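Understanding the architecture of this molecule
In case you want the letters, here they are:
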Amino acid sequence: QTLDQYMDGTLNRLKKLGSLDIQPIVTSGRQHFNYVARISDFELPFGPLSTRGEAIFLFSEFASITMPILQQFSGECLQWARGKVNPKAAGQAFYNFRVPTHLCFSIALVDQLDVETKAAIQTTNPIDRRVDILWYEVPVVYGLSDKQLYFYSESANFFDHFKGEIAWKQIRTAIQQLLSPSSDQP
């Protein structure tokens, strides 16, 4: 029931923000997604510049999650999303004076997480694993029991401030606005 409430609220929010393409139960090879949603013209402001591209949201339920499982899931989601993006999106962004950037939100839905995994998710910069100029890999975990989102939210060390922190500030805001459980849920 908690999963259904979360998905209903989140998918409705994504629809309101322009996601016209929401598909339930998508299977591709080994990958199984409870839902896949896409926003075609997704913009993030970065001071005088803005980015524009596609935002793809892939939701999958897990019995339990660890950092290696989340990283593997997120990498597979990114690979899947690369094959589904509109090839003209980058050109359209340039044409509209935007920096072409796509975001792949890999949302793992899990009943509960242990303290170590929560801390690892919040302090592990996804850029440490994979860097791509055109794509941001955004792993997110939603804990069903505590109704909380977990994502890269704090730098683990001083050097992380130089690894995409300008972008991550905006991405964190987008995560909160798009994927937080809606306030009207009990």
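Residues numbered from 1 in each chain as written. Predicted model: local features only at pLDDT ≥ 70, side-chain atom pairs only at ≥ 80, totals over all residues. Heavy atoms only, no water.

Assignment of secondary structure puts serine 180 in the segment after helix 5 (165–179). With a relative accessible area of 16%, serine 180 lands in the buried category. At a separation of 2.9 Å, a polar atom in the side chain of serine 180 contacts the main-chain carbonyl oxygen of glutamine 176. Beyond its immediate stretch of four places on either side in the chain, serine 180 contacts Tyr6, Thr10, Arg13, Leu149 and Ile175. (Helix = DSSP H or I, 4+ residues; strand = E, 2+ residues; numbered from the N terminus. Buried < 20%, exposed > 50% of the residue type's maximum accessible area, 1.4 Å probe, protein only. Polar contact = N/O pair within 3.5 Å; in protein donor to acceptor, adjacent residues only side chain to side chain. Contact = heavy atoms within 4.5 Å.)

Attention now moves to the confidence of the model for the chain. Counting all residues, the mean pLDDT for the chain is 82, and 77% of those residues have values of 70 or more. Averaged pLDDT values for the elements of the chain fall to 49 in helix 3 (residues 89–95) and rise to 94 in strand 7 (residues 148–151). (pLDDT = per-residue confidence, 0-100.)

As a further point, take the pattern of salt bridges. Under the definition given, this model contains three salt bridges. Across the pair aspartate 21 and arginine 38 runs a salt bridge whose closest N-O atoms are separated by 3.5 Å. Taken together, the positions of aspartate 21 in strand 1 (residues 21–28) and arginine 38 in strand 2 (residues 31–46) put the pair 17 residues apart, joining distant regions of the chain. For aspartate 21, a relative accessible area of 31% puts it in the partly exposed group. Classification of arginine 38 as buried rests on a relative accessible area of 15%. The salt bridge involving aspartate 146 is made with lysine 118; its shortest N-O contact spans 3.6 Å. Of the two residues, aspartate 146 is situated in the loop between strand 6 (135–143) and strand 7 and lysine 118 in helix 4 (residues 115–123); the sequence distance between them amounts to 28 residues. Using a relative accessible area of 22% as the deciding quantity, one classes lysine 118 as partly exposed. Within this structure, Asp21, Arg38 and Glu54 form a network of salt bridges that share partners. (Salt bridge = Lys/Arg side-chain N within 4 Å of Asp/Glu carboxyl O.)

Its location among the elements puts glutamine 31 in strand 2. At a separation of 2.9 Å, a polar atom in the side chain of glutamine 31 contacts the main-chain carbonyl oxygen of glutamate 76. Each residue touching glutamine 31, except ones within four places of it in the same chain, is listed here: Val26, Glu76, Cys77 and Trp80.

Moving on, we come to the pairing of strand 6. Counting buried residues in strand 6 gives eight out of nine residues, a clear majority hidden from the surface. Bridge count between strand 6 and strand 7: four bridges; the pairing is antiparallel. Bridge assignment links valine 141 to a residue of strand 7, and that residue is tyrosine 150. Hairpin connection between strand 6 and strand 7: a loop of four residues separates the two successive antiparallel strands, and lysine 147 in this loop has a positive phi of roughly 50°. (Pairing = 2+ DSSP bridges.)

Take the nonpolar core next. Among the nonpolar cores identified, the biggest contains 30 residues, and Tyr6, Phe57, Phe59, Phe105, Ile107, Ile175 and Leu179 are the most heavily contacted of them. Mapped by element, the contributors of at least two residues to this core are helix 1 (2–16), strand 2, strand 3 (49–62), strand 5 (102–110), strand 6, strand 7 and helix 5. The leading source of residues in this core is helix 5, at seven residues. Beyond its immediate sequence surroundings of up to four residues, isoleucine 175 is in contact with Phe105, Val138, Val140, Leu149, Phe151 and Ser180. Core analysis: the next-biggest nonpolar cluster, separate from the first, contains 22 residues, Val26, Ile65, Cys104 and Trp135 among them. (Core = buried A, V, L, I, M, F, W, Y, C linked by side-chain atoms within 4.5 Å.)

Summed over the entire model, instances satisfying the criterion amount to five aromatic pairs. Ring centres 3.8 Å apart and planes at 10° place the aromatic pair tyrosine 6 and tyrosine 142 in the stacked group. One end of the pair, tyrosine 6, is in helix 1; the other, tyrosine 142, is in strand 6, and 136 residues separate them in sequence. Tyrosine 6 sits in the buried class, given a relative accessible area of 0%. (Phe/Tyr/Trp six-rings, centres within 6.5 Å; stacked < 30°, edge-to-face > 60°.)

Here the focus is helix 1. Helix length check: helix 1, at 15 residues, gives a terminal C-alpha distance of 21 Å against a target of 21 Å (1.5 Å per residue), a fit within 8%. Taken as a whole, helix 1 has its buried residues at Leu3, Tyr6, Met7, Gly9, Thr10, Leu11, Arg13 and Leu14. Positioned one or two residues after helix 1, glycine 18 has a phi angle of 110°, which is positive. (Expected span 1.5 Å × (residues − 1).)

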